[in-house]
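# Per-entry structural report
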Amino acid sequence: MLLATYDDDRVGLISGDKIADVTDDVRFVTPPRSGGTTMRDLIRRWSSVAPVLEQQAGRARRPLSSVRLRAPVLDPSKIVAAPVNYLDHMTEMSEENHISSLGVFLKAPSAILDPGGTIQLPYTDRRFDQEGELALIIGRRAHNVSEEAALDHVFGYTGLLDITMRGGEDRSTRKSFDTFAPLGPWLVAADEIGSPDSIDLRCSVNGGLRQSANTRDLIWGVPALVSYISSVMTLEPGDVIATGTPAGVGSINAGDTIELELSRIGSLRTSVAADHAVPCPTKGAGRGPVPPPPPEQVGD
Ligand code: MN
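Right, let's walk through the structure included here. Keep in mind the model is a prediction, meaning the values are calculated, not measured.

Rules used throughout
- All residue numbers refer to positions counted from 1 along the written sequence of the respective chain.
- Only residues with pLDDT of at least 70 get local features here, since the model is predicted, and only at 80 or more are side-chain atom pairs given and counted; chain-wide, interface and lining totals rely on the full set of residues.
- Side-chain metrics in this entry use all non-hydrogen atoms of the structure; hydrogen atoms and water are not considered.
- Residues are said to line a cavity or pocket when one of their atoms sits within 4 Å of a point; the points come from a 1 Å grid over protein atoms alone, cavities being sets where a 1.4 Å probe fits but cannot get out and pockets being open sets with protein on both sides within 12 Å along at least five of seven lines.
- Grid points are joined across faces, edges and corners, and a volume is the space filled by probe spheres set on the points.
- Classification used: nonpolar for Ala, Val, Leu, Ile, Met, Phe, Trp, Tyr, Cys and Pro, charged for Asp, Glu, Lys and Arg, polar for all others including Gly.
- The rule is short: rings of Phe, Tyr and Trp, with Trp giving its six-membered ring, pair when the centres are within 6.5 Å, and they are stacked under 30 degrees, edge-to-face over 60, tilted in between.
- By the criteria applied, helices consist of DSSP H or I runs no shorter than four residues and strands consist of E runs no shorter than two, each listed in order from the N terminus.
- Exposure classes here rest on a 1.4 Å probe applied to the protein chains alone. A residue is buried below 20% of its type maximum, exposed above 50%, and partly exposed in between.
- For salt bridges, the criterion is a side-chain nitrogen of Lys or Arg within 4 Å of an Asp or Glu carboxyl oxygen.
- What marks off one domain from the next here is an automatic or database domain assignment.
- By this definition, two strands are paired if DSSP reports at least two bridges between them.
- Only the contacting stretch of a helix is used when fitting its axis, a line to C-alpha atoms as for every element, and angles between N-to-C directions run 0 to 180 degrees.

### As for empty space enclosed by the protein
The full count for this structure, using the stated rule, is one cavity of 30 Å³ or more. Contributing to the lining of the largest cavity are 13 residues, with Pro83, His89, Glu131, Arg166 and Arg171 lying nearest its centre. Looking at the lining of the largest cavity, its residues break down into five nonpolar, two polar and six charged.

What follows is the structure in structure tokens.
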């Protein structure tokens, strides 16, 4: 099942190039109480919502191209991310440690950007990189779950671009600027993905392929990530976990376009601008993990 958030807090079921509005079906089962989005309520009450959504006959469908796709979950309580979770990325960053030493970090939910949106680079004098990642969405509250039980707590999968300022500032600063978490294009339910450890990931900038990997190469796969994170903090329905990026990170600049493709999921596209960029007020530029040199400029 492919589920999207679109327009003004609508939730839709996607089939092919069509989308069916199921917002009222969800709201019939779970009336809004907390002020949360319809998608988050759908996830929270999934066992009651799913049987209703399976009665699809006769539901009106419209072209997917006629709606404005939003990030599938606009209001997670948190985005948890893996810092170094592919060996080839550890090597390119000259890092001596990976996730088993580093643990995880938090990225601000206010950084979420809709599919097709524009990443706004905040500074004129700092390097920013793309990091294409598989993301998972938590389906059931998870606290101290075992690896064996971890996948029962996953609702579905989507794409996330972990946009990053390079340097020595804390990760939560460098990765939390507004627009630095493009998410989407939609959610694919976990039962449709099957095992999350064989998803192809490709990330391109301006059409040039930078990252090509498979989630089988994750140092900590999805069960280990969910289990570990749930031992640190309680995971809530709708929370987002970014699984980490493979080798091929590189600098991005105003005017660029980025595309993240995940097999069995889809493509997340964004553009890059620096409309209100100013000099950076913090001085971490010369410190921190050392990224690979900028990709060679093509065509000039
Ligand atoms: Mn990352």
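After that view, the rundown keeps rolling.
### Overview of the packing of aromatic side chains
Considering all chains together, one arrives at five aromatic pairs under this definition. Geometrically, the ring pair formed by tyrosine 123 and phenylalanine 177 is edge-to-face, given 5.4 Å between the ring centres and 90° between the ring planes. Here tyrosine 123, found in the loop between β9 (118-120) and β10 (128-130), pairs with phenylalanine 177, found in the loop between α7 (171-174) and β14 (181-189); they are 54 residues apart in sequence, far enough to count as distant. No difference in accessibility class separates tyrosine 123 from phenylalanine 177, as the two residues are buried. Centroid distance tryptophan 220 to tyrosine 228: 5.1 Å. Interplanar angle 65°. Geometry classified as edge-to-face. Residue classification places tryptophan 220 among the buried positions, given a relative accessible area of 19%. Tyrosine 228 sits in the partly exposed class, given a relative accessible area of 28%.

### Description of the pattern of salt bridges
Under the counting rule described, the total for this entry stands at 19 salt bridges. As a salt-bridge pair, arginine 27 and aspartate 41 come within 2.6 Å of each other at their nearest N and O atoms. One end of the pair, arginine 27, is in helix α1 (residues 23-29); the other, aspartate 41, is in helix α2 (residues 38-44), and 14 residues separate them in sequence. Exposure remark for arginine 27: the relative accessible area of 17% places this residue in the buried category. A salt bridge links arginine 166 to aspartate 129, with the nearest nitrogen and oxygen atoms 2.8 Å apart. Of this pair, arginine 166 sits in the loop between β13 (164-165) and α7 while aspartate 129 sits in strand β10; the two residues are 37 residues apart in sequence, bridging distant segments of the chain. With relative accessibility at 8%, the residue arginine 166 sits in the buried group. Owing to a relative accessible area of 0%, aspartate 129 belongs among the buried residues under this scheme.

### A closer look at the layout of surface pockets
One number sums up the size of the second largest pocket: a volume of about 220 Å³. Along the walls of the second largest pocket sit 15 residues, with Trp46, Val154, Phe155, Ala190 and Asp191 positioned nearest its centre. Of all the secondary-structure elements, those providing two or more residues to the lining of the second largest pocket are α3 (46-53), β12 (154-161) and α8 (190-193). Partitioning the lining of the second largest pocket into residue classes produces nine nonpolar, two polar and four charged. Taken domain by domain, the makeup of the lining of the second largest pocket includes at least three residues from each of domain 1 (2-66) and domain 2 (79-273).

### Here's the deal with the sheet that holds strand β20 (residues 266-273)
Read from one edge to the other, the open sheet built from five strands follows the order β9-β20-β19-β15-β16, with strand pairing classed as mixed. At either end of the open sheet lies a strand with only one pairing partner, and these are β9 and β16 (208-214). Pairs of neighbouring strands in the sheet enclose a mean axial angle of 20°, with direction left out of account. Strand direction decides the pairing type here: strand β15 (residues 200-205) and strand β19 (residues 257-262), joined by five bridges, are antiparallel. In the sheet register, serine 204 faces β19, and the bridge partner there is glutamate 259.

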